[in-house]
Amino acid sequence: MIAIVVSRADGASAHIGERLLEVGDWEAREDDALPDADGGGTYYRTEGFELREFDELHIRLSDPTAAFDCDPEFLAFVSRHSGETGKLLTAHVTGNFGGAEYGGEPESLARAAPGAEKRVVEALARHAPDGYEVGIECTHHGPTDVSVPSLFVELGSDEPQWEDPDAARAVARAVLDLRGTGADLPDAEGRPRHVVGFGGGHYAPRFTRIVRETEWAVGHVGADWALADLGAPEANRDVIAAAFDRSRAERAVIDGDRPELAAVVEDLGHRVVSETWVREVGDAPLPLVEHLEAEIGPVDEGLRFGAVEPRLAGEQRGDGIADEVRVRDLPDELLSRAQGLDADAARAAVERVAVAFDTEQGGTRAAGRVAFATDPETPGYADLVEGLADVLETGYDAVEVSPDEGAVVASERAFDPSLAAERGVPEGPAFGRLADGEAVEVDGEAVEPEDVSRTRTDRFPIDGSGLK
């Protein structure tokens, strides 16, 4: 069950509540045990949801969970958003990194619902009327003492939007799209795929991108202003630790240069990763990512993932994963020549057959080591060599993969200036015409391109044993 909190003190909240009842199939019930002001009286049930109304403003409520006649997975507070931000639909989790001017306790963070936030933002984007932006906000305001995970889903940013029936209906539909989901975003092994965010502005553009464009969810976000209110990271380790605990996260993304904060995060046993790390890892199994980073190198230093997924059983780690992937050197001379002919095709040839591979030049050029799945049904080293040999065919007349020689042998018939000089061809335009396949005349005698061409053969070393 998901508990929906409506505040009568918030006109936008009441409006969203009306639209919820309009678009859902609800059953009205009565609760005489609680005052009407505290969620009692008439309340509403539909599949997967219970909706109750309260007189107090959301941010001043002290854990409304107990009012609900269910054991909710999380609470969704439907609310107004106030600001000079125009038409905006947002979601965020609650708490105070510093003071508590707008409800809750100072230096206290509520239990976040990162997975629900991600899903509701996706739903807001689907349902938003024309002209409305969609995003998340940083952690701010109360309540902070909610006994289950929670989030705010908001309609902003002023009276015209709060009274907009289409926008209120969009929020209502987005909340109802959460039916049957939980507070977290678990991976295949049940591990929450969450990060904590630090830094950036109130409307958290970096973390909005992570929520909307990656396979990860974001828990608490301490914006620049909130971190300034918090003070020195070392002196406030407990609040930083709570951000991870309340978000059920092991990793943080830091927007900006904050070495003192990064040091505290690492000292607490967590890891600082980049937005690039989040994007590149995507939905790859985290035990596999950890193994490959140890074997090849960190994502933030160039590790990238290919199209092949090894068959991992359960929470395979260490030797278990080592049995499923094999790391070896890329055929560097062959790869380099292929990249010189067609960099995109060479990259695609690696991605197509690899579980992961190292890169250079900002992640754009494969280099170093590569991981293949050991399953014989999946591509391997031989397929990589064949793919790179195919790229070579665009620049050579003949290409042969020779396991016995331990090389890819590529040959081409090309213009040889020394032969042309022997035939008396003057340097200059005549050389160019011969190189382009045109005959030239020297002292009344025709010199054909074939007369001044020579076969050139290049050999690119490979591990021949890997092809047999």
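Rules and cut-offs
- Residues numbered from 1 in each chain as written.
- Predicted model: local features only at pLDDT ≥ 70, side-chain atom pairs only at ≥ 80, totals over all residues.
- Heavy atoms only, no water.
- Helix = DSSP H or I, 4+ residues; strand = E, 2+ residues; numbered from the N terminus.
- Buried < 20%, exposed > 50% of the residue type's maximum accessible area, 1.4 Å probe, protein only.
- Lys, Arg positive; Asp, Glu negative; His and termini not counted.
- Salt bridge = Lys/Arg side-chain N within 4 Å of Asp/Glu carboxyl O.
- Polar contact = N/O pair within 3.5 Å; in protein donor to acceptor, adjacent residues only side chain to side chain.
- Pairing = 2+ DSSP bridges.
- Axes fitted to C-alpha atoms, helices over the stretch in contact; angles between N-to-C directions.
- Contact = heavy atoms within 4.5 Å.
- Phe/Tyr/Trp six-rings, centres within 6.5 Å; stacked < 30°, edge-to-face > 60°.

Which parts of the structure should I look at to understand the side chain of Glu 137?
Examined against the element boundaries, Glu 137 turns out to sit in the loop between β9 (133-136) and β10 (150-157). Buried charge Glu 137 goes without a salt bridge, the closest partner of opposite sign being Arg 80 at 11 Å. In this structure the side chain of Glu 137 is engaged in a polar contact, spanning 2.8 Å, whose partner is the side chain of Thr 90. Polar side-chain contacts of Glu 137 include one of 2.8 Å to the side chain of His 202.

What exactly am I supposed to notice about the sheet that holds strand β20 (residues 407-415) here?
As a general point, the strands of a sheet are linked pairwise by backbone hydrogen bonds and lie either parallel or antiparallel. What the three strands build is an open sheet, ordered β19-β20-β23; its pairing is antiparallel. A single partner strand is all that each edge strand has here, and the edge strands are β19 (398-402) and β23 (453-461). On average, adjacent strands in this sheet sit at an angle of 20° to one another, irrespective of strand direction. The sheet contact formed by β20 and β23 spans nine bridges and is antiparallel. Counted as the bridge partner of Ala 410 is Asp 458 from β23.

Would you explain the sheet that holds strand β12 (residues 217-222) in this entry?
Judged by pairing direction, the sheet is parallel, and its four strands sit side by side in the order β12-β11-β13-β14 without closing on themselves. Unpaired on one side and paired on the other, β12 and β14 (271-273) mark the two borders of the sheet. For this sheet, the mean angle separating the axes of adjacent strands, direction not counted, is 35°. For strand β13 (residues 251-254) and β14, the ladder comprises three bridges, and the chain directions are parallel. Looking at the pairing, Arg 251 lines up with Arg 271 of β14. Helix α2 (residues 114-127) contacts β11 (194-198) and β12 of the sheet and is inclined by roughly 105° relative to β12.

What am I meant to see in the packing of aromatic side chains here?
Aromatic rings in a pair are described by how distant their centres are and how their planes are angled relative to each other. Applying the stated criterion across every chain, the model contains eight aromatic pairs. With centroids separated by 6.3 Å and ring planes inclined at 45°, the aromatic side chains of Phe 54 and Phe 68 adopt a geometry described as tilted. Pair noted here: Phe 54 is in strand β4 (residues 49-54) and Phe 68 is in the loop between β4 and β5 (74-82), with a separation of 14 residues, a long-range link. Across this residue pair, the class does not change: Phe 54 and Phe 68 are buried. Residues Tyr 396 and Phe 460 carry aromatic rings whose centres are separated by 6.4 Å and whose planes lie at 80° to one another, so their mutual orientation is edge-to-face. Residue Tyr 396 is found in the loop between α14 (381-392) and β19, and its partner Phe 460 is found in strand β23; the two are separated by 64 residues along the sequence. What makes Tyr 396 buried here is its relative accessible area of 5%.

Whenever I open this one, the environment of Pro 114 confuses me. Can you help?
Mapped onto the fold, Pro 114 is located in helix α2. Judged by its relative accessible area of 0%, Pro 114 is buried. On a C-alpha basis, the gap between Pro 114 and Val 218 in space is 5.4 Å, while along the polypeptide they are 104 residues apart. Beyond its immediate stretch of four places on either side in the chain, Pro 114 contacts Ala 183, Asp 184, His 194, Ala 217, Val 218, Gly 219, Ser 247 and Arg 248.

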